[in-house]
Structures are given as structure tokens and as C-alpha cells.
Amino acid sequence: MSAQIIDGNALAKKIRIEIATRTASLVAKGSKPGLAVLLVGEDPASQVYVRNKVKACEDVGMHSILERHPADLSEEKLLQRIDELNQDKSIHGILVQLPLPKHIDSHRVIESIAPEKDVDGFHVANAGALMIGAPLFRPCTPYGCMKMLESIDYPIRGARAVVIGASNIVGKPMAMLLLQAGATVTICNSKTRDLSAHTKEADILVVATGKPKMITADMVKPGAVVIDVGINRLPDGKLCGDVDFESVQSVASAITPVPGGVGPMTITMLLLNTLEAAERI
Ligand code: NDP
């Protein structure tokens, strides 16, 4: 068996066309969705991420601003700027690129973003809303994973789902979204005993650990759907996921590749969250 490849680029493109159409209809009514992206410091990977986010906004007809601040920007100045953006009616989404320099308390910064503009969905109010099943914003990466499952019409209700990784930005919200969709969910972390006993039970396996190719074919239930969130750079410069794609694709019924899988979906869901924030006003 060779798995169906869930093409994140193609799905992202399709969703972005729908976002562009909805954006145009808001613009016609006099309201242009706007995203503010704040970068503090010079981290090269972050510079690429923020550029891509702003470009994606422009491509769908949204307003966006990219603010680059020096690495020694004080926490107070950053909080002050976020407060201004919270009041700015042309801005519907505010994203502070993480990680922040060490002298800035990331938690305090995230909590200073107005929950209705927190398009990353990281504010405790939004994490709580997701937990009780009434999300305002779904965190972008897990939201993208759910759209990928939807794209293959996977019957999530009643399925056994295993999420490996329990971070606040990927693993935990992913588990919540699967639970709300009716799956029976297990969350694994680095302390989990006998990981493969869990993974072999999974109809849906989502892997977000940052450990290159750690999931091999012998750990996967035949016919499972495998969503690989990991993005790792190998010594030869190539990108790979947390799943050993070559071996697992012969066991799974569907699998996301890296690159070209979850990655392009994440930015697309950021656009969708920004659009929905603007539509609510
Ligand atoms: P974190 O480092 O915050 O969390 C990793 C999680 O994986 C932790 O819960 C950790 O357990 C768990 N873990 C680590 N090793 C193992 C192991 N051997 N067995 C079981 N669990 C393990 O990472 P993120 O959630 O931020 O990101 C995960 C991956 O996803 C990274 O590769 C990152 O680059 C990628 N990513 C991709 C995105 C995309 O758009 N495609 C977006 C965001 C992230 P413990 O809690 O015990 O420490």
C-alpha cells in the first residue's frame, strides 16, 4: 500500500482563494482586514516567517504591517505598542513573533494582546475558550491539521487519535480540536512509556516533537492517517519531519509530507483567523 499524500500546498492555495473572495467582499463593504506582525530582534528564521506572513496577507488583499524592533527594545515599549494596536481600528489581528529576546516576558506580552485580536490563539482567554469547546480563534497549526483531515473526509468521530507532543501551541490545542470533533484522544510526551504501544493504536497520528524521523513504519497502525507537524533541518540542509516519510508512507493510508504539508497550512489559517476577526466587527 502506498499512502495518499495530503498536499498542503494545494489545499492552502484552494483555501486562500476562498479567503481572497471573502476579503474582497469585506473590502467592498468598506472594511479591509488588517494584520500587524511584530518582530523583536534579528533571528534569521523569524525574519523569514514574518516576511512570509506579511506577503501572504498582501496576496489575499489584506492590509498588513510589519514592524521590526531592535533586540534591546524594552518590554514596556513593546507592551505600549501592543496597546496602541489593540485600539487601532484598521488592525484586526496582532501577532508577536516568538521567540522574544530573553529580557522580555513572552507570557506577559501575549496576555497584553486583546483576545479578539489574538489571531495566534495563544492568549489564556482563547486557550480557555478552546478548552470549553467555544473557540474564538483556533491556533493556526492545529487548525491547519484539522483542515487537512477534513480535506480527505476522514471520519474523526469515534476514531482513536494519538498526538505526540504536548506544547501549548501545537500538541495541546491539537488534542482539544480532535476531542471536539469526537475522537478518543491520547496525548504523549517525552516521558511516555512504550510510545509505540500508543502509536500503534492510532487511527489518526499527529506528531509534533521536533525529533527528526522519530516515527518509523513499525510504530504505525496499517491504514492510519499520519499528520507530521515537525520541521527539522538535517545536516545536509534538507528539511524533514518528525515522521520517517519513506517508510511510513507504505503503511499509512494518508500522510502529510515535509516540506509541503502542514507548513503552508499554518500561514493560511493565520489569514483565516484574521479574516474572521474582521468579519466579526
Ligand atoms: P516543543 O519543543 O514546544 O514541544 C515538543 C513536545 O514534544 C513536548 O511536549 C515534548 O515532551 C514532546 N517530545 C519531545 N521528544 C519526544 C519523544 N521522544 N517522545 C514523545 N514526545 C516527545 O515543540 P513545538 O510543539 O513548538 O513544535 C514541535 C515541532 O513542530 C517542531 O519540529 C517545530 O518546528 C514544528 N512546528 C511546525 C509548525 C508548522 O507550521 N508546520 C508550527 C509549529 C511547530 P515534553 O512535554 O515531555 O517535553
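Just so we're clear, the structure is a prediction, and the values are computed from it rather than from any experiment.

Below, the discussion takes up the sheet that holds strand β8 (residues 225-228). Spatial strand order, β1-β11-β8-β7-β5-β6: six strands in an open sheet with parallel pairing. Here the strands that pair on one side only, and so sit at the sheet edges, are β1 (4-5) and β6 (184-188). As paired strands, strand β7 (residues 204-207) and β8 are joined by four bridges and run parallel to one another. Paired with I204 across the two strands is V225, which belongs to β8. Packed on one face of the sheet, helix α7 (residues 171-180) meets β5 (160-164), β6 and β7 and runs near 170° to β5.

Right, let's get into the domain arrangement of the chain. According to the domain assignment, the chain consists of domain 1 (30-118) and domain 2 (139-263). Here the C-alpha centre of domain 2 lies 29 Å away from the C-alpha centre of domain 1.

Our focus in this paragraph is the side chain of K53. Structurally, the position occupied by K53 is in helix α2 (residues 44-59). The buried charged residue K53 lacks any salt bridge, with D120 as its nearest oppositely charged partner at 5.6 Å. Only 2.8 Å separates the side chain of K53 from the side chain of Q97, close enough to count as a polar contact. Look past the residues within four positions of K53 in its chain and what remains in contact with it is L95, Q97, I267 and L270.

Before going further, it helps to examine the site of the ligand. The environment of the ligand is formed by 22 residues, the closest being A166, S167, S190, K191 and T266. At a separation of 2.5 Å, an oxygen atom of the ligand approaches a polar side-chain atom of S167. Expressed as a share of its isolated accessible area of 940 Å², the protein-covered part of the ligand is 70%. Here the element with the most residues in the shell around the ligand is helix α10 (residues 262-279); it accounts for three residues. Partitioning the shell around the ligand into residue classes produces nine nonpolar, eleven polar and two charged.

With that settled, the discussion passes to the pattern of salt bridges. Per the counting criterion, the structure on display carries nine salt bridges. The salt bridge partner of R81 is E67, with a shortest N-O separation of 2.6 Å. Pair noted here: R81 is in helix α3 (residues 75-87) and E67 is in strand β3 (residues 63-69), with a separation of 14 residues, a long-range link. Across the pair R160 and E201 runs a salt bridge whose closest N-O atoms are separated by 3.4 Å.

Time to look at the packing of helix α1 (residues 8-28) against helix α6 (residues 140-151). Taken N-terminus to C-terminus, the directions of α1 and α6 make an angle of 95°; their axes are 11 Å apart at the nearest point. Looking at the two axes, α1 sits roughly perpendicular to α6. Listed contacts from α6 to G8, L11 and I15 of α1 are K147, M148 and S151. In terms of residue class, the contact of α1 with α6 is built from three nonpolar, two polar and one charged.

Moving on, we come to the sheet that holds strand β2 (residues 34-40). In spatial order, the strands read β3-β2-β4; together these three strands make up an open sheet with parallel pairing. Both edges of this open sheet fall to β3 and β4 (93-96), since each of them pairs with a single strand only. Mean inter-strand twist for the sheet, computed between neighbouring axes without regard to direction, equals 15°. Here seven bridges tie β2 to β3, and the two strands are oriented parallel to one another. Its bridge partner lying in β3, L35 is registered against S64. The strands touched by α3 are β2, β3 and β4; relative to β2, the strand with the most contacts, the crossing angle is about 175°.

Rules used in this analysis
- Residues numbered from 1 in each chain as written.
- Predicted model: local features only at pLDDT ≥ 70, side-chain atom pairs only at ≥ 80, totals over all residues.
- Heavy atoms only, no water.
- Pairing = 2+ DSSP bridges.
- Helix = DSSP H or I, 4+ residues; strand = E, 2+ residues; numbered from the N terminus.
- Contact = heavy atoms within 4.5 Å.
- Axes fitted to C-alpha atoms, helices over the stretch in contact; angles between N-to-C directions.
- Domains from an automatic or database assignment.
- Buried < 20%, exposed > 50% of the residue type's maximum accessible area, 1.4 Å probe, protein only.
- Lys, Arg positive; Asp, Glu negative; His and termini not counted.
- Salt bridge = Lys/Arg side-chain N within 4 Å of Asp/Glu carboxyl O.
- Polar contact = N/O pair within 3.5 Å; in protein donor to acceptor, adjacent residues only side chain to side chain.
- Near = heavy atom within 4 Å.
- Areas by Shrake-Rupley, 256 points an atom, 1.4 Å probe, with all protein chains shown as cover.
- Nonpolar A, V, L, I, M, F, W, Y, C, P; charged D, E, K, R; others polar.
- Parallel < 35°, antiparallel > 145°, perpendicular 65-115°, else oblique.

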